[in-house]
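# Fold and geometry: a report
One letter stands for each residue in the lines below.
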Amino acid sequence: MALASACSSAALCAIPQTHGRPKAPCSFAPSSRPPAPDRRRRSPAAAAAGGSSAGGFGGGSSSTAAQEAAVTKDYIKWAGEAGIISPKMQQAYFGELRGAKALDAIAPDEIFVTVPRAAAVVVAPNERCPCPDFVDAAFYKEAPWFVKMAVLLLWERSRGRASPVWGYIEQLPSSIDTPVRWSEAELVELQYAPAINEIRQQQAAWRQQYDKFSAAVKQGKHSYEDFLWALENVRSRAFSGPYTGSSVVEKARTLGLLLAAGGAYAAWQQLPLEQALNGLISVLVFNIMYDLLLSKKLKWYALCPVVDAINHSSLVESNVEYEYFRDQFVLSTKSAYKPGEQVFISYGAQSNGSLLQYYAFTEPNNPNDVYAFEAAIGGQKMQLTVNAKGSFTAECQAAARAALGGSSVQDDQLRTALLQAAEAELASKPTSAADDERLLQTPHLMAPRQRAAVEFRLEKKRVLERAIGRSRKRLGKQ
Ligand SMILES: C[S@@+](CC[C@H](N)C(=O)[O-])C[C@H]1O[C@@H](n2cnc3c(N)ncnc32)[C@H](O)[C@@H]1O
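About the thresholds
Residues numbered from 1 in each chain as written. Predicted model: local features only at pLDDT ≥ 70, side-chain atom pairs only at ≥ 80, totals over all residues. Heavy atoms only, no water. Helix = DSSP H or I, 4+ residues; strand = E, 2+ residues; numbered from the N terminus. Buried < 20%, exposed > 50% of the residue type's maximum accessible area, 1.4 Å probe, protein only. Contact = heavy atoms within 4.5 Å. Areas by Shrake-Rupley, 256 points an atom, 1.4 Å probe, with all protein chains shown as cover. Salt bridge = Lys/Arg side-chain N within 4 Å of Asp/Glu carboxyl O. Phe/Tyr/Trp six-rings, centres within 6.5 Å; stacked < 30°, edge-to-face > 60°. Lys NZ or Arg CZ within 6 Å of the ring centre and 35° of its normal. Pairing = 2+ DSSP bridges. Expected span 1.5 Å × (residues − 1). Patch = residues over 30% accessible without salt bridge, like charges linked within 9 Å, V, L, I, M, F, W, Y side chains within 5 Å. Lys, Arg positive; Asp, Glu negative; His and termini not counted. Charge placed at Lys NZ, Arg CZ, Asp CG, Glu CD. Axes fitted to C-alpha atoms, helices over the stretch in contact; angles between N-to-C directions. Parallel < 35°, antiparallel > 145°, perpendicular 65-115°, else oblique. Left-handed = near helix turned anticlockwise from the far one by under 90°. Nonpolar A, V, L, I, M, F, W, Y, C, P; charged D, E, K, R; others polar. Arc of directions from axis to C-beta.

Broken down by element type, the protein carries 15 helices and 13 strands. Taking all 478 residues of the protein together, 51% fall into the buried category. Long-range contacts, defined as pairs at least 24 residues apart, comprise 71% of the intrachain contacts of the protein with a sequence gap of at least 6. For the protein, the exposed surface amounts to about 21,400 Å²; the carbon and sulfur share of it is 54%.

Right, here's the structure in full:
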């Protein structure tokens, strides 16, 4: 994610709370029509009132729609009181999918959502357990960040309207139905071993985390379903960013370091100190859940209301930044939006495997997708990986070349071996891409999980087909 200079007008003395813009009320308002029935998007409050199965809107009855509207109204009221500013964006449905639409023109790099840190749910490294009456503090200390945040969500939910984030909690989806809930038979429908294996591991790991949580919780009864509700919301909505220090002492230390670094940089570059500091502060960019590979660095995590209502597109470059001196998160994108258009952000460069696993959707033509499979080349078993454009990675080409005999191997011999491996992989699938396309022409005839699996496996097959097409072209076979 590229850095945006969100703090370009930040001053070190008195710090305005609104970037000099008038403090407009939060306009994260409901769309003019009632929410469309959505099998996955129901809030816990609406679920409680509607009384049908978890995660289901049932028949989309008018009482359910009215309940949804009430929850949304509460959310807007809460967001305004919490100081969230988003006058140019409102919640809306796009088909069955809830998202956000532009109310007004949004320019590239314009900050269009501001969320005070106090309105967010935050997990910082080495922070003491904020709810020792709810859960054993020693358990909290040792838990991974996403379990900590799930515990915070369950704790805040248990506090009802006494929670400072009640309006946010109320409107969270009651179930996202990520594949961690799927049966073995449903997972097999994905037809892609790396994803199936990852999800199986996740199923075991989350169960283990739940067992530990159950032993550590001190208040109330929390089913595995409750725990899943919290974990799924955390994993599909949280942002992460480099940690900057939270306590007064830590803040003072970080500020001292920034001042020193800014001073040195300013002297070196002959810049005003303030400008140099802004450059340094803008490093504090948050990425939505793009932390898996970077998790060893010191990071903190945030659930940012309103920002997390925006859907993902890999084509968009977006920045969520924490403004250190204003103690708030701000959002901008590199794209322009016209009034009425759906607003998107990027959740990071994620393959369809991780989008399905943690967010429950597949992005068509995802430029970050990959296809990984095992093949035998030159009598040796090896892992081959193809990128979204259909190119085999340099590493697997080198491994394949070595297995075939090393540097003396002709390029065409290597290409032929890789082509044959990809063709054999595609032929091993229980359904063809054409079969999957046919199934998707009548999506209403499929259960939601089957539809999600077919969408996923079709995209995977398309990556493999691109690799085959590319290799064949290079070999002059078409
Ligand atoms: C951060 S939330 C975005 C807001 C969410 N749609 C809502 O109603 O609250 C992430 C979730 O939105 C949905 N989502 C986001 N981008 C999507 C996309 N491009 N296609 C389909 N679903 C998407 C997925 O269910 C994902 O788990």
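This part takes up the pattern of salt bridges. Between side chains of opposite charge, pairing is possible as soon as their charged atoms come close. In total, this model carries 27 salt bridges according to the counting rule given. For Glu-423, the salt bridge goes to Arg-472, with nearest N and O atoms at 3.1 Å. Of this pair, Glu-423 sits in helix α13 (residues 411–427) while Arg-472 sits in helix α15 (residues 448–474), and the two are 49 residues apart along the sequence. On the accessibility criterion, Arg-472 (26% relative accessible area) is partly exposed. Across the pair Arg-462 and Glu-437 runs a salt bridge, and its minimum N-O distance is 2.7 Å. Taken as a pair, Arg-462 in helix α15 and Glu-437 in helix α14 (residues 433–441) lie far apart in primary sequence, 25 residues in all. A relative accessible area of 25% places Arg-462 in the partly exposed class. Judged by relative accessible area, Glu-437 falls into the partly exposed class, the value being 34%.

With that out of the way, let us pick up the packing of aromatic side chains. For the structure shown, the criterion picks out 17 aromatic pairs. For the ring pair Tyr-75 and Trp-78, a centre distance of 6.1 Å and an interplane angle of 15° mean the geometry is stacked. One end of the pair is Tyr-75 and the other is Trp-78, both in helix α2 (residues 62–81) and three residues apart, which spans about a single turn. The same class applies to Tyr-75 as to Trp-78, namely buried. Look at Phe-213 and Phe-227: their rings are 5.3 Å apart centre to centre, the planes differ by 20°, and that puts the pair in the stacked class. A residue pair is termed long-range when its members are at least 10 positions apart, and Phe-213 in helix α7 (residues 193–216) and Phe-227 in helix α8 (residues 224–237) qualify at 14 residues. The two residues Phe-213 and Phe-227 agree in class, both being buried. The ring centre of Trp-229 lies 4.1 Å from the NZ or CZ of Arg-157, which sits over that ring. Here the basic side chain of Arg-161 rests over the ring of Trp-166, its NZ or CZ set 4.0 Å away from the ring centre.

This brings us to the pairing of strand β3 (residues 113–116). Of the two faces of β3, the one lined by Val-113 and Val-115 and the one lined by Thr-114 and Pro-116 are each fully buried. By the bridge criterion, four bridges tie β3 to strand β10 (residues 328–333) in an arrangement that is antiparallel. By the bridge assignment, Thr-114 is partnered in β10 with Val-330.

Counted at 1.5 Å a residue, the expected span for α13 with its 17 residues is 24 Å, and the 24 Å between its end C-alpha atoms agrees. Looking at α13, one finds that the buried residues are Leu-414, Ala-417, Leu-418, Leu-419, Ala-421, Ala-422 and Glu-425. Among the structural elements, β12 (370–377), β13 (380–387), α12 (394–404) and α15 are those in contact with the buried residues of α13.

Here we come to a positive patch on the surface. A cluster of basic residues, Lys-389, Arg-470, Lys-473 and Arg-474, forms a positive patch on the protein surface. Topologically, Arg-470 is positioned in helix α15. Arg-470 sits in the partly exposed class, given a relative accessible area of 34%.

So, about the packing of α7 against α8. Where α7 contacts α8, the two axes come as close as 11 Å, and the packing angle between them is 120°. It follows from the interaxial angle that α7 and α8 lie oblique. Handedness of the crossing formed by α7 with α8: right-handed. Of the residues in α8, those in contact with Gln-203, Trp-206, Arg-207, Gln-209, Tyr-210 and Phe-213 of α7 are Tyr-224, Phe-227, Leu-228, Leu-231, Glu-232 and Arg-235. For the contact of α7 with α8, a count of residues per class yields seven nonpolar, two polar and three charged.

Let us look at α12. When α12 is considered as a whole, its buried residues turn out to be Cys-396, Ala-400 and Ala-403. Buried positions in α12, seen along its axis, are confined to an arc of 60° and lie on one side of it. Looking at α12, the residues exposed on the side facing more than 90 degrees away from the buried face are Ala-394, Glu-395 and Ala-402. Directly after α12, the chain includes Gly-405, whose backbone phi takes a positive value near 135°.

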